[in-house]
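Residue-level structure breakdown
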Amino acid sequence: MQEEIDALHTNKTWILVPKSPGINLVRSKWVFKTKLKADGIVDIYKARLVARGFSQLEGIDFEETFSPVEFAMKDLGPLQFFLGVEVKYFKGGIHLNQSKYAAELLAKTEMTLSKAIATPLAQKHGLHEAVGSLVDASLYKMIVGSLQYLTLTRPDITHPVKLASQFMQSPNTEHLQGVKRILRYIKSTLHFGLRIISQSPCRLYGYSDADWGGCTTTRRSTTCYSIYLGVNCISWTSKKQTTVARSSVEAEYRPLASTAAEMTWILYLLHDPRVFLRSVPTLYCDNMSALYMMVNPVMHALTKHVEMDYHCVHEKVARGQLLTQFVTSKDQLADIHTKALTK
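Residues numbered from 1 in each chain as written. Predicted model: local features only at pLDDT ≥ 70, side-chain atom pairs only at ≥ 80, totals over all residues. Heavy atoms only, no water.

1. Quick word on the overall build of the protein chain
Stated formally: Secondary structure elements are taken from DSSP: a helix is a run of H or I of four residues or more, a strand is a run of E of two residues or more, and numbering for both begins at the N terminus. Every residue pair with non-hydrogen atoms within 4.5 Å of one another is taken to be in contact. Calculation of accessible area relied on Shrake-Rupley with a 1.4 Å probe; when residues are assessed, cover is drawn exclusively from the protein chains displayed.
Along the protein chain, the regular secondary structure elements total nine helices and eleven strands. Considering only intrachain contacts with a sequence separation of at least 6, the fraction spanning at least 24 residues in the protein chain is 70%. Summing over all exposed atoms, the protein chain offers an accessible surface of approximately 21,300 Å²; the carbon and sulfur share of this is 57%.

2. Comments concerning the nonpolar core
The test is simple: Residues grouped as a nonpolar core are buried Ala, Val, Leu, Ile, Met, Phe, Trp, Tyr and Cys residues, joined through side-chain atoms within 4.5 Å. Here the term buried applies to any residue with accessible area under 20% of the maximum for its type, exposed to any over 50%, and partly exposed to those in between, with areas from a 1.4 Å probe on protein chains only.
Membership of the largest hydrophobic core comes to 25 residues, with the highest contact counts inside it found for Tyr140, Leu147, Leu150, Val179, Leu183 and Ile186. Of all the secondary-structure elements, those providing two or more residues to this core are α2 (99-108), α3 (137-150), α4 (158-164) and α5 (173-188). For this core, the leading source of residues is α5, giving six residues. Aside from chain neighbours lying at most four places away, what touches Leu150 is Gln98, Tyr101, Ala102, Ile157 and Ile186. Membership of the second largest hydrophobic core comes to 19 residues, among which are Ala257, Leu270, Leu291 and Met293.

3. Some words on the pairing of strand β7 (residues 204-211)
Quick note on the threshold: The criterion for strand pairing is that DSSP finds at least two bridges linking the strands in question.
Counting buried residues along β7, seven of its eight residues qualify, which places the element largely inside the surrounding structure. As judged from the eight bridges shared by β7 and strand β8 (residues 222-229), these two strands associate in the antiparallel manner. From the neighbouring strand, Asp211 faces β8, where its bridge partner is Thr222.

4. Notes on the sheet that holds strand β6 (residues 193-197)
For sheets, the rule is that strands pair by backbone hydrogen bonds, running either parallel or antiparallel. Spatially, four strands are ordered β3-β4-β5-β6 in an open sheet, and the strand pairing comes out antiparallel. Both outer strands of the open sheet, β3 (81-82) and β6, are each paired with one neighbouring strand and no more. As defined by bridge partners, β3 adjoins strand β4 (residues 85-90) across two bridges and the pair is classed as antiparallel. Looking at the pairing, Phe81 lines up with Glu86 of β4.

5. Some thoughts on the environment of Val135
Considering the arrangement of structural elements, one finds Val135 in the loop between α2 and α3. Expressed as a C-alpha distance, the spacing of Val135 and His175, which sit 40 residues apart in the sequence, is 9.0 Å.

6. A few points about the packing of α2 against α3
This is how it is decided: Every axis in this analysis is a line fitted to C-alpha atoms, fitted for helices over the stretch in contact. Angles between the N-to-C directions lie between 0 and 180 degrees. By definition in this entry, angles of less than 35 degrees are roughly parallel, angles greater than 145 are roughly antiparallel, angles of 65 to 115 are roughly perpendicular, and the rest are oblique. Note on residue categories: nonpolar means Ala, Val, Leu, Ile, Met, Phe, Trp, Tyr, Cys or Pro, charged means Asp, Glu, Lys or Arg, and polar means any other residue, Gly included.
At a closest axis distance of 11 Å, the pairing of α2 and α3 adopts a crossing angle of 170 degrees. In this view, α2 runs roughly antiparallel relative to α3, as classed from their interaxial angle. From α2, Tyr101, Ala102, Leu105 and Lys108 reach across to α3, where they touch Met142, Ser146, Leu147, Tyr149 and Leu150. Its residues assigned to classes, the contact of α2 with α3 comprises seven nonpolar, one polar and one charged.

Right under this line is the structure:
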């Protein structure tokens, strides 16, 4: 409390003046909060002196408001916990995880004592055709929304969560069971997260993939990619395409364009702090026809319906700003974002 009072005096938050008659004074109150570490241990006790502004009425006690911002900066030490993300340090890098957030989500959904499972999605899940009794949509949305925030450090659940989010409007019992399966998988992988290595080659590369006609009800394909800076995974996505692809080449070419656009944006971000790559960014794809289309005008003439995406990637390849290479399906790292995989 004394530190808070000292800070208010140092920043000259207020000026003492004589009380005028007929003025409704704004009183103050203390607000106390205990800040915990990721493991639940008390980190710091916080005290704030706040004004009870609701005691005055606009037009009677005041006409306009303003809030001068004069906060002193102080070193809080190495980052440990921020917005549900725990930062753990090891020699040569850091590990980002949301284990505390995940544990709280399991407790909130009463899944703490559930049986753990090795995969978040069954290979033949059948969720698109699932028929069952309707469930509480607000509960379903709360769980799926919480899971979406968990994908911030969990690329391994991106596809199952994006699949579950397609049934927000009218979820049934089968959809809810699918979401509970994700929670059971999280229980078995509670401490999974992102590992960031500091001493890693400054090389940008990405994996692009698609699941042609994967949605059995709309026959739309899934676009996905994983982008790496050195050995660190820094960007990933899994989303349903907006229109039906007429061929597997079209389905694969669309994520190529999306990945190329994302890698270009990352390059711009790197340029701001003066970080320049020593090699051309590389984009890997497991569809030979999609790769041939970038350099073969004859094949392009047969696929005019993807003309915008074609020019987006072809220009970068022609200018030497992007290198494309074939990768086997066995080595396709983005495959985890298109379909359910075995353990």
